[in-house]
Amino acid sequence: MAMADFARPRGTYDIKPSETPAWQAVEDLARTLFSHYHFEEMRTPIFEHTEVFERGVGDTSDIVQKEMYTFVTRGEKSVTLRPEGTAGVVRAFVENKLYGGPLPAKLWYLGPMFRYEAPQAGRNRQFHQYGVEVIGSSDPRVDAEVIELGARFLLEAGVADARLELNSVGCPVCRAAHRAALIAHLAPIRGSLCADCQGRFEKNPLRILDCKKDRDRPEVKSSPRITEYLCADCQTQYSAVKHNLDVLGVSYVEDSTLVRGLDYYTQTTFEFVDDRIGAKSTLLAGGRYNGLVEQLGGPDMPGIGFAGGVERLLLARAVQEEEEGAAKIDAYIVTFGSDLTIFDASLRVLSLLRKAGVTADLDYAGRGVKAQMKTADRLGARVAVLLGDEEVANGAVTLRDLMTKEQNQVSEDACVEAVLALLSR
Ligand SMILES: [Zn+2]
Ligand SMILES: [Zn+2]
């Protein structure tokens, strides 16, 4: 009873000393890589006036409707723990009149965010995000630079094969035409959509394409695509972004259903996805938000950025490391029995192999033959060197090619040469 009172709140966790080095590595990478791309760090408060998120994230978004930690202060002002980074950074950009300085402003941040969500693997109520924002340029080279930086960040953080999905969600002009077509197309099933989608049907029907409950329905899947309605400006921008990504050697998959869960996006949207950590799990995502600066009281000025979760990143990296196994080895020595003569022979062979430049190891835990063979597999060994009574009596070893499963006995003296021959096959 008393213990429960002192337990940490649901959806939070402690980062223990054994775990902090991984966090520090991500923080160091953000600091060095982002400044390498000439971004400067912006630190904003953990809480803001609630209006910043209502205006900045959008009042039809799930975040604002359901997930914010909002409370009233003694001064009777409504404040909210930040659920994401962009709104606060843009608010700070406007409030500190950074638009009067050199443009575009290139800012990055990293820190804790808060959302009242059902806790699950990789999803916490206090979580951490890193992100970048470029404010004051609509040049499509900026879009490509931001996306390339995202790709590079994931790669250097140790996630090798996240898939990049790309789309354009257009501007208010082309979205109006698309919205009308979308509303007409979905009107017959309006009554059977989830409550959220019914609520935002008129205001933001685009979000229905992104709704977890409705997006897989055939009527929703066959909806008119925003890319078919892009105005000339948005089409030119989208083509140029793709061209610039090609120039930078960044590969992408176009996905016309990618609309992102936030209201502020315009034109370019993108996500880096890793399917290994759960169904369609987004590691890093972002897009353009050309109306946001003005909505938060600043001048009419374009912007683009991305954000990624540190917890997801560490999870993806752990999965990948597990898949790749520990450091690979060439040969693994498997001993049958614990006779001293067998052990002596195993040490001799191990030493000979290593002297010849073969990466080799053996089991010191006294495990059975089956477990030793399993370890050989897990370590990616090409050759198992088997040593038992028979081999020792013959002054020999049995080499098992773990790829072809062939095995043959060779004398201890010829062992190194035979292993090298197998490895060069
Ligand atoms: Zn447009
Ligand atoms: Zn829905």
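- As annotated in an unreviewed UniProt entry, the chain is Histidine--tRNA ligase from Ferroacidibacillus organovorans.
- What UniProt states about the chain under its Sequence similarities (unreviewed entry) heading is, verbatim, "Belongs to the class-II aminoacyl-tRNA synthetase family."
- Regarding the chain, the UniProt comment filed under Subcellular location (unreviewed entry) reads as follows: "Cytoplasm".

1. Considerations on the domain arrangement of the chain
Much of the literature gives interface size as the accessible area that the parts lose upon coming together.
In step 1: Along its sequence, the chain is carved into domain 1 (20–171 + 233–318), domain 2 (172–230) and domain 3 (327–423).
In step 2: Distance between the C-alpha centres of domain 1 and domain 2: 24 Å.
In step 3: Counting residues at the interface gives 22 residues for domain 1 and 16 residues for domain 2.
In step 4: Of all the secondary-structure elements, those providing two or more residues to the side of domain 1 that touches domain 2 are helix 4 (62–67), strand 7 (163–168) and helix 10 (232–248).

2. Focus on the packing of helix 13 (residues 340–355) against helix 16 (residues 415–423)
In step 1: Closest axis-to-axis distance for the helix 13/helix 16 pair is 10 Å, and the angle between their directions is 55 degrees. Between helix 13 and helix 16, the interaxial angle falls into the category oblique. Between helix 13 and helix 16 the crossing geometry is right-handed. Contacts from V349, L352 and L353 in helix 13 reach C415, V416 and V419 in helix 16.
In step 2: Class assignment for the residues of the contact of helix 13 with helix 16 results in 6 nonpolar, no polar and no charged.

3. Some thoughts on the coordination of the zinc ion (ligand 1)
In step 1: Looking at the zinc ion (ligand 1), one finds its protein donor set to be C171 (SG), C174 (SG), C231 (SG) and C234 (SG), positioned 2.2 to 2.3 Å from the metal centre.
In step 2: Between the 4 donor atoms coordinating the zinc ion (ligand 1), the angles at the centre fall across 104 to 119 degrees, so the site counts as tetrahedral.
In step 3: Site description for the zinc ion (ligand 1): donor spacing in sequence, C-x2-C-x56-C-x2-C.
In step 4: Given the relative accessible area of 2%, C174 is considered buried.

4. Notes on the coordination of the zinc ion (ligand 2)
In step 1: Protein ligation of the zinc ion (ligand 2) involves C194 (SG), C197 (SG), C211 (SG) and D214 (OD), the donor distances falling in the range 2.1 to 2.2 Å.
In step 2: Coordination geometry of the zinc ion (ligand 2): the 4 donor atoms subtend angles of 101 to 115 degrees at the metal centre, consistent with an arrangement described as tetrahedral.
In step 3: Site description for the zinc ion (ligand 2): donor spacing in sequence, C-x2-C-x13-C-x2-D. Taken as a pair, C194 in the loop between helix 7 (172–186) and helix 8 (195–199) and C211 in the loop between helix 8 and helix 9 (218–221) lie far apart in primary sequence, 17 residues in all.

5. Some details on the sheet that holds strand 13 (residues 360–362)
In step 1: Reading across the sheet, the 5 strands line up as 13-12-14-15-16 and stay open at both edges, with mixed pairing between neighbours. The open sheet has two edge strands with one neighbour each: strand 13 and strand 16 (407–411). With strand direction ignored, the average angle separating the axes of adjacent strands in the sheet is 25 degrees.
In step 2: Here 4 bridges tie strand 14 (residues 383–387) to strand 15 (residues 396–401), and the two strands are oriented antiparallel to one another. Its bridge partner being in strand 15, L386 is matched across the sheet by T398.

6. A word on the sheet that holds strand 6 (residues 126–135)
In step 1: Reading across the sheet, the 8 strands line up as 1-5-6-11-10-9-7-8 and stay open at both edges, with mixed pairing between neighbours. Across the chains shown, the open sheet's two edge strands, defined by having one partner strand only, are strand 1 (40–41) and strand 8 (253–254).
In step 2: Relative to strand 6, strand 5 (residues 105–114) runs antiparallel, the two being bridged by 10 bridges. In the sheet register, K106 faces strand 6, and the bridge partner there is V134.
In step 3: In the packing of helix 6 (residues 140–156) onto the sheet, the strands contacted are strand 5, strand 6, strand 7, strand 9 (266–274), strand 10 (281–288) and strand 11 (303–309), and the crossing angle to strand 9 comes to about 10 degrees.

7. Things to note about the environment of G366
In step 1: Along the polypeptide, G366 turns up in the loop between strand 13 and helix 14 (369–378).
In step 2: Given a relative accessible area of 69%, G366 falls into the exposed group.

8. Points about the side chain of R288
In step 1: Mapped onto the elements, R288 comes out in strand 10.
In step 2: Here the side chain of R288 touches S137 through a polar contact of 3.1 Å, landing on its backbone oxygen.
In step 3: A distance of 3.2 Å separates a polar atom in the side chain of R288 from a polar atom in the side chain of N290.

9. Regarding the UniProt feature "binding site: L-histidine" (unreviewed entry) in the chain
In step 1: UniProt tags E84, G85, T86, R115, Q129, E133, R260, Y264 and Y265 as "binding site: L-histidine" (unreviewed entry).
In step 2: Along the chain, the position of G85 falls in the loop between strand 4 (78–81) and helix 5 (86–95).
In step 3: For G85, a relative accessible area of 5% translates into the label buried.
In step 4: Other than its neighbours up to four places away in sequence, G85 contacts Y109, M113 and Q129.
In step 5: Tracing the sequence through the fold places Y265 in the loop between strand 8 and strand 9.

10. Brief notes about the side chain of Q267
In step 1: Relative to the helices and strands, Q267 resides in strand 9.
In step 2: Look past the residues within four positions of Q267 in its chain and what remains in contact with it is N167, S168, V169, G170, C234, Q237, R288 and N290.

11. Here's the deal with the pairing of strand 16
In step 1: Examined bridge by bridge, strand 15 and strand 16 share 5 bridges and lie antiparallel to one another. Looking at strand 16, one finds that T398 is bridged to Q409.
In step 2: With antiparallel pairing between neighbouring strands as the criterion, strand 15 and strand 16 make up a hairpin whose turn holds 5 residues, including K405 at a positive phi of roughly 70 degrees.

12. Some remarks on the nonpolar core
In step 1: Ranked by internal contacts, the top residues of the largest apolar core, which has 43 residues, are F34, Y130, I147, F153, F270 and F306.
In step 2: For this core, the element with the most residues is helix 6, which contributes 7 residues.
In step 3: Counting contributing residues, this core receives three or more from each of domain 1 (20–171 + 233–318) and domain 2 (172–230).
In step 4: With 34 residues, the next largest nonpolar core counts M113, V169, V220 and Y264 among its residues.

Rules and cut-offs
- Residues numbered from 1 in each chain as written.
- Chains lettered and ligands numbered in written order.
- Predicted model: local features only at pLDDT ≥ 70, side-chain atom pairs only at ≥ 80, totals over all residues.
- Heavy atoms only, no water.
- UniProt positions renumbered as here; feature names shortened; annotations may be inferred.
- Domains from an automatic or database assignment.
- Contact = heavy atoms within 4.5 Å.
- Helix = DSSP H or I, 4+ residues; strand = E, 2+ residues; numbered from the N terminus.
- Axes fitted to C-alpha atoms, helices over the stretch in contact; angles between N-to-C directions.
- Parallel < 35°, antiparallel > 145°, perpendicular 65-115°, else oblique.
- Left-handed = near helix turned anticlockwise from the far one by under 90°.
- Nonpolar A, V, L, I, M, F, W, Y, C, P; charged D, E, K, R; others polar.
- Donors = N, O, S within 2.8 Å, 3.2 Å for Na, K, Ca; no water.
- Tetrahedral: all angles 85-135°; square planar, octahedral: opposite > 155°, others 65-115°.
- Buried < 20%, exposed > 50% of the residue type's maximum accessible area, 1.4 Å probe, protein only.
- Pairing = 2+ DSSP bridges.
- Polar contact = N/O pair within 3.5 Å; in protein donor to acceptor, adjacent residues only side chain to side chain.
- Core = buried A, V, L, I, M, F, W, Y, C linked by side-chain atoms within 4.5 Å.

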